[in-house]
Amino acid sequence: MEFHSGAPISSRRFFTIDSRTLSWSRNMTNLSSVAPRKRLVLKAVILAGLVVISLSSSGIVRQVFAGSRTSSIDSAITWLVGHELSDGSYGFYSAPQTAPAANGMWIRSGSTPKVQLSYTWLSSQLENSSTWFWGGSNGLAEADVPGEVMYSLVTSQHLGEISLSIVGPRLLNLQQPNGGFLGYLDPKLNQQVTSSVDTAEALRGLIDARAMKPSNQQSAINYLLSLQNSDGSFNLTRTVASDALYSLGPEPISMTALVLLVLKDASFTASDPHVSSALHFLSLAASANFNGHVYAASLATLALTQFDRPSNATVAVNFILSHQNSDGGFRDTARSSTGSNPLDTGWATIALELGGLFGDTNLDGVVDVMDLSAVGASYGSAPGTSRWNPRSDVDANGVINIVDLVLVANSFSKKADSL
Ligand SMILES: [Ca+2]
Ligand SMILES: [Ca+2]
């Protein structure tokens, strides 16, 4: 989405102007394929307790974060709650801002009335075919925003509030023959083209909603990979490296993190050359303080956690913490507006809630029996099979085994701010 095409004029001004070996009984290793669910969960819990005790006594429990993270999250949540409008939205250019804001609040407190209000509003925006991001009056549909909104609905367990059979195909309809999704309005070509940001955001929603055929997914992934540079970063389009006006990916770090998040959902491993190269780019970006970009640091935090890079994730989280405004909100230096805004505050809040929380397979901000159960249910499965869940592959090595269970146990009963 870019503000100079489909967004209301007032919202354009908002952003555009300034702009990753324990011994194990055979019964346990084979439990996932044959055991009833309750038995599985019980075994997983018992195992988790043993692993936690073992790791604690051996002194190898990760100590990832310390400090005032809880108060930082709380003040960010307070900002988000206080700025929600009566209809559940966040004002101009609202959908892409409301999606992370609602997710950030949901992770902390679940579906409170205010969170539900935002998701009801977001659902109505997706359902309405005349919403501006579907083309509205100018016919310029942009896949990044509905993709981001759909992802927020899926990850917060609100997907049931939309007619996926209608919205899914509507978003898929924006996929082009080259595999990419529309649409960035290329100022030189004066026409809409596919972009990494539109494609990555659409893929995040469609893959997690299981609303995309493997062939469509593969062509979109191939398109994304074609935009990777030798330094591991990703371009916006084939001819445009980046555009500060493109709010969901205004510079290379956030675009690279976005693509990495998609590649994890598409079951790429940390050792895949495309992934390792991109992770290296993010590592250098972390060393360079993300060029001052808190939105980029937020997405990078999530990507570094998904690919099990604890030390880099720590750097990213600390960067975010150091860039919180006195009112509790956040603002990336790429934005034209002064002061905190819901988009950057929403994504920074999500990053603070999930960053470094290895083993949180369902991204609800806590590692508990649900996550142990998820890893147990996928235990021993192979990528592409029905039991496979890329998020259960905590260390992103293409195998779901004891190591992944240990990582979950390592964080058991924790939230990111209690690490
Ligand atoms: Ca969880
Ligand atoms: Ca693994």
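Residues numbered from 1 in each chain as written. Chains lettered and ligands numbered in written order. Predicted model: local features only at pLDDT ≥ 70, side-chain atom pairs only at ≥ 80, totals over all residues.

A closer look at the overall build of the chain
Item 1. From N to C terminus, the chain includes 18 helices and two strands.
Item 2. The buried share of the chain, reckoned over its 419 residues, is 55%. (Helix = DSSP H or I, 4+ residues; strand = E, 2+ residues; numbered from the N terminus. Buried ≥ 20, exposed ≤ 12 C-beta atoms within 10 Å, placed from the backbone.)

Structural notes on the nonpolar core
Item 1. Core analysis: the biggest nonpolar cluster contains 118 residues, and Ala257, Val259, Leu282, Ala300, Ala303 and Ala316 have the highest contact counts within it.
Item 2. Filtering out sequence-adjacent residues up to four positions away, Ala303 remains in contact with Ala257, Leu260, Leu261 and Leu282. (Core = buried A, V, L, I, M, F, W, Y, C linked by C-beta atoms within 7 Å. Contact = placed C-beta atoms within 7 Å.)

What about helix α12 (residues 252-265)?
Item 1. Helix length check: α12 (14 residues) gives 20 Å between terminal C-alpha atoms against 20 Å at 1.5 Å per residue, within 8%.
Item 2. With respect to burial, α12 is a largely interior element, 13 of its 14 residues being buried.
Item 3. Taken from the residues just after α12, Ser267 is the one with a positive phi, measuring 70 degrees. (Expected span 1.5 Å × (residues − 1).)

Describing the confidence of the model for the chain
Regions with low pLDDT should not have their predicted coordinates read in detail.
Item 1. Summary statistics for the chain give a mean pLDDT of 87 and a share of 84% for residues scoring 70 or more.
Item 2. Low confidence marks residues 1-42, where pLDDT is under 50. Its contacts with residues over four positions away, or in another chain, come to 88 contacts.
Item 3. When the criterion is pLDDT under 50, residues 48-67 qualifies, and its contacts beyond four places in sequence or with other chains add up to 25 contacts. (pLDDT = per-residue confidence, 0-100.)

Considerations on the packing of helix α5 (residues 69-83) against helix α16 (residues 342-354)
Item 1. Where α5 meets α16, the axes come as close as 10 Å, and the angle between the chain directions of the two elements is 145 degrees. Both α5 and α16 take part in a crossing whose hand is left-handed. Packed against α5, whose contacting residues are Arg69, Ser72, Ile73, Ala76, Ile77, Trp79, Leu80 and His83, the element α16 presents Pro342, Thr345, Gly346, Ala348, Thr349, Leu352 and Glu353 at the interface.
Item 2. Within the contact of α5 with α16, the residues separate by chemical class into eight nonpolar, five polar and two charged. (Axes fitted to C-alpha atoms, helices over the stretch in contact; angles between N-to-C directions. Left-handed = near helix turned anticlockwise from the far one by under 90°. Nonpolar A, V, L, I, M, F, W, Y, C, P; charged D, E, K, R; others polar.)

What about unusual backbone geometry?
Item 1. Here the residue pair Leu182 and Gly183 is connected by a cis peptide bond, since its omega of 0 degrees sits within 30 degrees of zero.
Item 2. Here Gly183 is to be found in strand β1 (residues 181-186).
Item 3. Of note in the backbone geometry, Ser267 takes a positive phi value of approximately 70 degrees without being a glycine.
Item 4. Within the secondary structure, Ser267 sits in the loop between α12 and α13 (273-287).
Item 5. A tally of 17 C-beta atoms within 10 Å means that Ser267 is categorised as partly exposed.

Concerning the environment of Glu142
Item 1. Counting through the fold element by element, Glu142 comes out in the loop between α7 (113-127) and α8 (144-155).
Item 2. For Glu142, a count of 32 C-beta atoms within 10 Å puts it in the buried group.
Item 3. In sequence terms Glu142 and Trp132 are ten residues apart; their C-alpha atoms lie 8.6 Å from each other.

Observations concerning the pairing of β1
Item 1. With five of six residues buried, β1 lies mostly within the body of the structure.
Item 2. Where β1 and strand β2 (residues 191-195) come together, five bridges link them in antiparallel fashion. Looking at β2, one finds that Phe181 is bridged to Ser195.
Item 3. Between the end of β1 and the start of β2, which pair antiparallel, lie four residues, with Asn190 showing a positive phi angle near 50 degrees. (Pairing = 2+ DSSP bridges.)

Considering the packing of helix α10 (residues 196-208) against helix α11 (residues 214-226)
Item 1. For the pair α10 and α11, the least separation of the axes is 10 Å and the interaxial angle reads 145 degrees. For the crossing formed where α10 meets α11, the hand is left-handed. Of α11, the residues touching α10 (which contributes Ser196, Thr199, Ala200, Leu203 and Ile207) are Gln217, Ala220, Tyr223 and Leu224.
Item 2. Among the residues forming the contact of α10 with α11, the class breakdown is six nonpolar, three polar and no charged.

Side note on the environment of Ala300
Item 1. Of note, Ala300 is situated in helix α14 (residues 294-306).
Item 2. Since 35 C-beta atoms lie within 10 Å of it, Ala300 is described here as buried.
Item 3. Residues Ala300 and Leu260, 40 residues apart in the sequence, show an inter-C-alpha distance of 8.7 Å.

So, α7
Item 1. The end-to-end C-alpha distance of α7, which contains 15 residues, comes to 21 Å, matching closely the 21 Å that a straight helix rising 1.5 Å per residue would cover.
Item 2. Those residues of α7 not exposed but buried are Val115, Ser118, Tyr119, Leu122, Ser123, Gln125 and Leu126. For α7, the arc enclosing every buried residue in end-on projection is 160 degrees, short of the 170-degree limit, so these residues lie on one face.
Item 3. Packed against the buried residues of α7 are α6 (94-109), α8 and α9 (164-172). (Arc of directions from axis to C-beta.)

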